[in-house]
Amino acid sequence: MDDATLISPKVLAALYPAMDGRRQIQVKAHKGETITAADGFYVIAGHNPGVHGAVLTEALASRFSVQIQVGSDYDLAASLNINRTAVRVARHLATGQQAGEVGWAPQLRELIAFQKIADVLGTEAAFANLVGIAPIEDRDVVAEIVTKALGRPVTALALGRQL
């Protein structure tokens, strides 16, 4: 399951019996048919804890006996020739995220996108976009960190009259 914390609670409630010791689901829309999971059945799911509205409930978490936190590999980002300052900013944000100072840090996919934007539109636009993709509640902190790293003010890309 991808983005398991964003799945409708009704859908999850229907899946829970298959994910615990019962190993069954009942398909009410198909005459109440019961389907039993085969031996060796298990569920692998992912979720992004920084996504607004994504909450890993105790009910869902308890159905996974193994839980692995996957972080971004910033050394890999550097080896992919992603802008060094962008990687440094991402590392700084990730450290702040672990300390609870900020809720978001760019993942590898955002850094790859950063470099693609920088290659086409330039690094100034890429940094402005990086600020703009940060969740609104973290945007000011991200803008401050990017501004410090570049030594000049950086704000999110925007159109129209700016206040």
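Computed from a predicted model, the values in this text were never measured in an experiment.

Caption draft 1: Highlighting the pairing of strand β1 (residues 24-27). Sheet topology places β1 next to strand β2 (residues 33-36); 4 bridges connect them, and they run antiparallel. Its bridge partner being in β2, V27 is matched across the sheet by E33.

Caption draft 2: Layout of the packing of helix α4 (residues 84-98) against helix α7 (residues 139-150). Packing of α4 against α7 brings their axes to within 10 Å, and their N-to-C directions diverge by 140°. In terms of their interaxial angle, α4 and α7 are classed as oblique. For the pair α4 and α7, the crossing hand works out as right-handed. Contacts between α4 and α7 involve T85, R88, V89, H92 and L93 from the first element and V142, I145, V146, A149 and L150 from the second. Among the residues forming the contact of α4 with α7, the class breakdown is 7 nonpolar, 2 polar and 1 charged.

Caption draft 3: Broad picture of the side chain of T5. Considering the arrangement of structural elements, one finds T5 in the segment before α1 (9-19). The class for T5 is buried, based on a relative accessible area of 11%. In this view, T5 contacts H47, G53, A54, V55, L56 and L60; residues no more than four positions away in its chain are not counted.

Caption draft 4: Fine view of α7. When the terminal C-alpha atoms of α7 are compared, their 16 Å separation across 12 residues agrees well with the 16 Å that a helix rising 1.5 Å per residue should span. Immediately downstream of α7, the backbone of G151 shows phi near 75°, a positive value.

Caption draft 5: A look at a nonpolar patch on the surface. On the surface, V66, I68 and V70 cluster together into a nonpolar patch covering about 360 Å² of accessible area. Residue position: I68 is located in the loop between α2 (58-61) and α3 (74-79).

Caption draft 6: Looking closely at unusual backbone geometry. Even without glycine at this site, D3 takes up a positive phi of about 50°. Look at D3 and you get partly exposed, because its relative accessible area is 25%. The phi dihedral of R23 is positive, around 55°, even though this residue is not glycine. Summarising the element assignment, R23 is placed in the loop between α1 and β1. Residue R23 is classed as partly exposed on the basis of its relative accessible area of 28%.

So, how was this worked out
Residues numbered from 1 in each chain as written. Predicted model: local features only at pLDDT ≥ 70, side-chain atom pairs only at ≥ 80, totals over all residues. Heavy atoms only, no water. Pairing = 2+ DSSP bridges. Helix = DSSP H or I, 4+ residues; strand = E, 2+ residues; numbered from the N terminus. Axes fitted to C-alpha atoms, helices over the stretch in contact; angles between N-to-C directions. Parallel < 35°, antiparallel > 145°, perpendicular 65-115°, else oblique. Left-handed = near helix turned anticlockwise from the far one by under 90°. Contact = heavy atoms within 4.5 Å. Nonpolar A, V, L, I, M, F, W, Y, C, P; charged D, E, K, R; others polar. Buried < 20%, exposed > 50% of the residue type's maximum accessible area, 1.4 Å probe, protein only. Expected span 1.5 Å × (residues − 1). Patch = residues over 30% accessible without salt bridge, like charges linked within 9 Å, V, L, I, M, F, W, Y side chains within 5 Å. Areas by Shrake-Rupley, 256 points an atom, 1.4 Å probe, with all protein chains shown as cover. Salt bridge = Lys/Arg side-chain N within 4 Å of Asp/Glu carboxyl O.

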